[in-house]
Amino acid sequence: MTALISLRGVQKYYGTYHALRGIDLDIKAGEFFSLLGPSGCGKTTLLRTIAGFEGLSDGTLKIDGKDMSGVPANLRPTNMVFQSYAIFPHLSVAENVAFGLRKSSMSKKEKSAAVKEALDMVGLGGFGGRASHALSGGQRQRVALARALILKPKVLLLDEPLSALDKKMREQMQVELIRLQRQVGITFILVTHDQEEALVMSDRIAVMFEGEIGQMDDPETLYRAPNSRRVAEFIGKMNFLTGVVTTDGGTVSVDVAGLGRAELPASQVPQGTVPGKVSIGIRPETLAILFDGETTQRRVVDATVSEVVYYGDMTYYDVRIAGVESALTISMKNLIGRPVLDVGAKTKVIWDERSLVLLPA
Amino acid sequence: MARFRWGQSEGGRAALLMAPPFAYALLLLAVPLLAIILFSFWTQDFMDVNTTFTLDNYREIITQPIYGLLLQRSLYVSGCVTIVTVLLAYPIAYFVSFHVDPSRKSIWLFLITIPFWTSYLIRVFLWKVILGYNGVVNSGLMGLGVIDEPLTFILYNVNAVIITLAHAFAPFAILPIFVALEKIDRSLLEASQDLGETRLSTFFRVTLPLSMPGLVAAVLIVFIPTIGDYVTPELMGGAGGKLIANMIQTQFLALNNAPLGAALALVAMICVTAISLLFVFLNRRWLRGRS
Ligand SMILES: Nc1ncnc2c1ncn2[C@@H]1O[C@H](COP(=O)(O)OP(=O)(O)OP(=O)(O)O)[C@@H](O)[C@H]1O
Ligand SMILES: [Mg+2]
């Protein structure tokens, strides 16, 4: 299958500032793709080069097999939902949505039907006559979506479209965006710095750092097997320990400081692992507290609770373990009958080799 | 007790704050205006003013063709000045807003106001020097061999008045247009291009409509005061370039007929107000409130 969007060795300089440092990227048709990364890593820049608002300093960009160098934004098969939504204040909602239809061959009647359909699709049916300044943030966002989707672009580019919304609204719009994307079948490229949003919505995620892609994978792989410490730090919560890898024939084992020695199953050994010091990541939910009266087949280690953060459905414990430099965070579901421990409580922590994520030291 | 509440309530405080400027405006605007209105219904009896109410002044303005002619010419000149000024001001404002490095914008605006550093009168005389029979333009063109004898259509006529006034009012037109352009969210222009418009069509579909409030303000700021200007036509207009304001001045001073002058002033003012209101009305869709 050929890629709808394909970038090769894309470089971008702003003056002397090196904003994109060699991006290679293939995005398939119909994919929901996210660009995730900390502020200033170049996500917007990458999106804007795809849209045609920024030229490339080097490299190639192809959309649908066609080279895009010299093709201005208005002639590209992409449409963008801007972070500020960029709703035209002098036009009504319907006029905003119809903005891009000027050159289309549709009749007046067909156009207004298309506008109505687009507004219905984003749940704004009946808002067409509204002045655009009389809209809430969420409504503006929907108008921006309808305005782009009505043109049936090959690719829809979304620059942090949800960041201006409150948490409830954001979660609701996430679900709606996923539904819309499935419904229209258009390729979505979403820029976000919210890792949870990226995990929830995407088929694939590229994690960017300082103008480079650190890792590109589906959400589950990204979460389960980050390929570097910075990716692991950026996606979800992660405890970091040190360890020493030893290989003995086909088996790889690791001696984790404070926890002990464990043999790693082959699926958990990244390619190119060599004996020596490594960094080890452990997700909070892959550890557990052994509560009184519970038993386990997994390994346990003594610990002292140093911090308790209660979230309602979950409780996050920070525990100290002899031989481990920093506290380990453990998340526990607040199941029926399970107590919430106090700071200072002596307890046992359950772990096993499946908790361990090997990272380059 | 009542006065205490007066100063405390929202409206009361507003009234207190408004009172001094309101009194000032009343004194400087309303009182002279009322005086003019009153005068226009009186008549001049040699050295005295006859204060019996009469419409004679207005009757004379309507029956004597000279006044209508002057008023027409005034409106024509003001209209031309407005069009020329705004058409020249828009590209300048556009350039400063869109193509000047943000850190340099204030110095550009500063430079634009330079013409104001000299007195109005001196600027008018400078234009005389430039446009005169032996002026800069004529000697330059003759020196280059473009023309054999001096051009005469550039001084002491309506054209000279238009050129001089357009120059004098340029900054007044540039600034409101610049402010309106500055307020346009640049992502709107990108959104327009993203939706398939070229740069040129983006200008007509987004930039121009969004800058209309500034454009309307510029038109009014230039149009309204040029009707009342009498210095430039006096100095630059020659015999055929005199305007209604010159006539008003003549009535008040040379002919010592303040009532007729007052009536002329009122008629001119009503014309300007009517045209301005019509203009604002025609542009009302661009001036609606927005967030
Ligand atoms: N027009 C520009 N001129 C110079 N530098 C720029 C320009 N636009 C962006 N940059 C720089 O390029 C880098 C990447 O910017 P970009 O806007 O792509 O970041 P981002 O990943 O979208 O960040 P955020 O999450 O904060 O939006 C930043 O360091 C920024 O300062
Ligand atoms: Mg950004």
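Residues numbered from 1 in each chain as written. Chains lettered and ligands numbered in written order. Predicted model: local features only at pLDDT ≥ 70, side-chain atom pairs only at ≥ 80, totals over all residues. Heavy atoms only, no water.

- Chain B carries the name Spermidine/putrescine transport system permease protein PotB in an unreviewed UniProt entry, which gives Flavimaricola marinus as its organism.
- Under the heading Subcellular location (unreviewed entry), UniProt records this for chain B: "Cell membrane".
- Among the UniProt annotations of chain B, the heading Sequence similarities (unreviewed entry) holds the following wording: "Belongs to the binding-protein-dependent transport system permease family. CysTW subfamily." (UniProt positions renumbered as here; feature names shortened; annotations may be inferred.)

- An unreviewed UniProt entry lists chain A under the name Spermidine/putrescine import ATP-binding protein PotA, with Flavimaricola marinus given as the organism.
- The record held by UniProt for chain A lists under Catalytic activity (unreviewed entry) the comment "ATP + H2O + polyamine-[polyamine-binding protein]Side 1 = ADP + phosphate + polyamineSide 2 + [polyamine-binding protein]Side 1."
- Check the Function (unreviewed entry) section of the UniProt entry for chain A; it says "Part of the ABC transporter complex PotABCD involved in spermidine/putrescine import. Responsible for energy coupling to the transport system."

### Some points on the packing of helix H4 (residues 137-149) of chain A against helix H5 (residues 167-184) of chain A
Residues and elements named next belong to chain A.
Piece 1. With their axes 12 Å apart at the nearest point, H4 and H5 run at an angle of 15 degrees to one another. One element, H4, and the other, H5, form an angle in the roughly parallel class. As for how H4 packs across H5, the hand of that crossing is right-handed. Along the contact surface, H4 presents Gly-138, Gln-141, Arg-142, Leu-145 and Leu-149, while H5 presents Met-169, Gln-172, Met-173, Glu-176, Leu-177, Leu-180 and Val-184.
Piece 2. Its residues assigned to classes, the contact of H4 with H5 shows seven nonpolar, three polar and two charged. (Axes fitted to C-alpha atoms, helices over the stretch in contact; angles between N-to-C directions. Helix = DSSP H or I, 4+ residues; strand = E, 2+ residues; numbered from the N terminus. Parallel < 35°, antiparallel > 145°, perpendicular 65-115°, else oblique. Left-handed = near helix turned anticlockwise from the far one by under 90°. Contact = heavy atoms within 4.5 Å. Nonpolar A, V, L, I, M, F, W, Y, C, P; charged D, E, K, R; others polar.)

### Overview of the pairing of strand S8 (residues 187-192) of chain A
Residues and elements named next belong to chain A.
Piece 1. With six of six residues buried, S8 is to be regarded as a mostly interior element.
Piece 2. Here S8 shows two buried faces, one formed by Thr-187, Ile-189 and Val-191 and the other by Phe-188, Leu-190 and Thr-192.
Piece 3. Pairing analysis gives five bridges linking strand S7 (residues 155-159) to S8, with the strands arranged parallel. Looking at S8, one finds that Leu-157 is bridged to Ile-189.
Piece 4. Crossover connection from S7 via H5 to parallel S8: handedness right-handed. (Buried < 20%, exposed > 50% of the residue type's maximum accessible area, 1.4 Å probe, protein only. Pairing = 2+ DSSP bridges. Right-handed = clockwise from strand over helix to strand, strands pointing away.)

### Some words on the UniProt feature "domain: ABC transporter" (unreviewed entry) in chain A
Piece 1. Look at the UniProt record and you will see "domain: ABC transporter" (unreviewed entry) annotated at residues 5-235 of chain A.
Piece 2. Taken end to end, residues 5-235 of chain A is 34% helix and 26% strand, and its first and last C-alpha atoms sit 25 Å apart.

### Observations regarding the UniProt feature "transmembrane region" (unreviewed entry) in chain B
Residues and elements named next belong to chain B.
Piece 1. The residues that UniProt annotates with the feature "transmembrane region" (unreviewed entry) are residues 21-42, 75-96, 108-133, 153-181, 202-227 and 260-282.
Piece 2. Across residues 21-42, helical content stands at 91% and strand content at 0%; the span's end C-alpha atoms are separated by 31 Å.
Piece 3. Within residues 202-227, the helical portion is 100% and the strand portion 0%, while the C-alpha atoms at the span's ends are 35 Å from each other.

### Comments concerning the pattern of salt bridges
Piece 1. Here the structure, examined in full by the defined rule, presents 20 salt bridges over all chains.
Piece 2. Put simply, A:Arg8 and A:Asp26 hold a salt bridge, and the shortest N to O gap is 2.8 Å. Note that A:Arg8 is positioned in strand S1 (residues 5-14) and A:Asp26 in strand S2 (residues 17-27), a separation of 18 residues in sequence.
Piece 3. The class of A:Asp26 is partly exposed, set by a relative accessible area of 30%.
Piece 4. Residue A:Arg48 is joined to A:Glu54 by a salt bridge in which the shortest nitrogen-to-oxygen separation is 3.1 Å. Exposure class is identical for A:Arg48 and A:Glu54. Each is buried.
Piece 5. Among the ionic contacts, a cluster of salt bridges with common partners joins A:Lys12, A:Arg48, A:Glu54 and B:Glu190. (Salt bridge = Lys/Arg side-chain N within 4 Å of Asp/Glu carboxyl O.)

### Some remarks on the site of ligand 1
Residues and elements named next belong to chain A.
Piece 1. Near ligand 1, the surroundings consist of Tyr-14, Tyr-17, Ala-19, Ser-39, Gly-40, Cys-41, Gly-42, Lys-43, Thr-44, Thr-45, Glu-160 and His-193.
Piece 2. Gly-42 is positioned with one of its backbone polar atoms (N or O) 2.9 Å from an oxygen atom of ligand 1.
Piece 3. Its free accessible area being 630 Å², ligand 1 has 60% of it covered by the protein chains.
Piece 4. Mapped onto the shell around ligand 1, the elements with two or more residues apiece are S2 and helix H1 (43-51).
Piece 5. With three residues, H1 is the largest single contributor of residues to the shell around ligand 1. (Near = heavy atom within 4 Å. Polar contact = N/O pair within 3.5 Å; in protein donor to acceptor, adjacent residues only side chain to side chain. Areas by Shrake-Rupley, 256 points an atom, 1.4 Å probe, with all protein chains shown as cover.)

### Concerning the side chain of A:Arg283
Residues and elements named next belong to chain A.
Piece 1. As for its position among the elements, Arg-283 is in the loop between strand S14 (276-282) and strand S15 (288-290).
Piece 2. Nearest to the buried, unbridged Arg-283 among oppositely charged side chains is Glu-285, at 4.9 Å.
Piece 3. When neighbours within four sequence positions are excluded, Arg-283 is seen to be in contact with Leu-222, Tyr-223, Pro-226, Ala-232, Ile-235, Gly-236, Lys-237, Met-238, Asn-239 and Ser-355. (Lys, Arg positive; Asp, Glu negative; His and termini not counted.)

### Description of the state of the cysteines
Piece 1. On inspection of all chains with the given rule, the structure shows zero disulfides over all chains.
Piece 2. There is no disulfide at B:Cys80, and the cysteine sulfur nearest it, in B:Cys271, is 17 Å away. (Disulfide = S-S within 2.5 Å.)

### Focus: the sheet that holds strand S17 (residues 314-320) of chain A
All names here are of chain A.
Piece 1. Taken together, the five strands give an open sheet; going across it, the order is S15-S19-S16-S17-S18, and neighbouring strands pair in antiparallel fashion. Of all strands in the sheet, those bounded by a partner on one side alone are S15 and strand S18 (328-333). The mean inter-strand angle of the sheet, taken between neighbouring strand axes irrespective of direction, is 50 degrees.

### Let's talk about the packing of aromatic side chains
Residues and elements named next belong to chain A.
Piece 1. All chains considered together, the criterion is met by 15 aromatic pairs over all chains.
Piece 2. For the pair Phe-53 and Phe-82, a centre-to-centre distance of 5.9 Å together with 45 degrees between the ring planes defines the contact as tilted. Pair noted here: Phe-53 is in the loop between H1 and strand S4 (58-63) and Phe-82 is in the loop between strand S6 (78-81) and helix H2 (93-98), with a separation of 29 residues, a long-range link.
Piece 3. Using a relative accessible area of 15% as the deciding quantity, one classes Phe-53 as buried.
Piece 4. For Phe-82, a relative accessible area of 5% corresponds to the buried category.
Piece 5. In this structure, Arg-229 packs its charged tip against the face of Phe-240, placed 4.0 Å from the ring centre.
Piece 6. Just above the ring of Tyr-316 sits the side chain of Lys-237; from NZ or CZ to the centre is 4.8 Å. (Phe/Tyr/Trp six-rings, centres within 6.5 Å; stacked < 30°, edge-to-face > 60°. Lys NZ or Arg CZ within 6 Å of the ring centre and 35° of its normal.)

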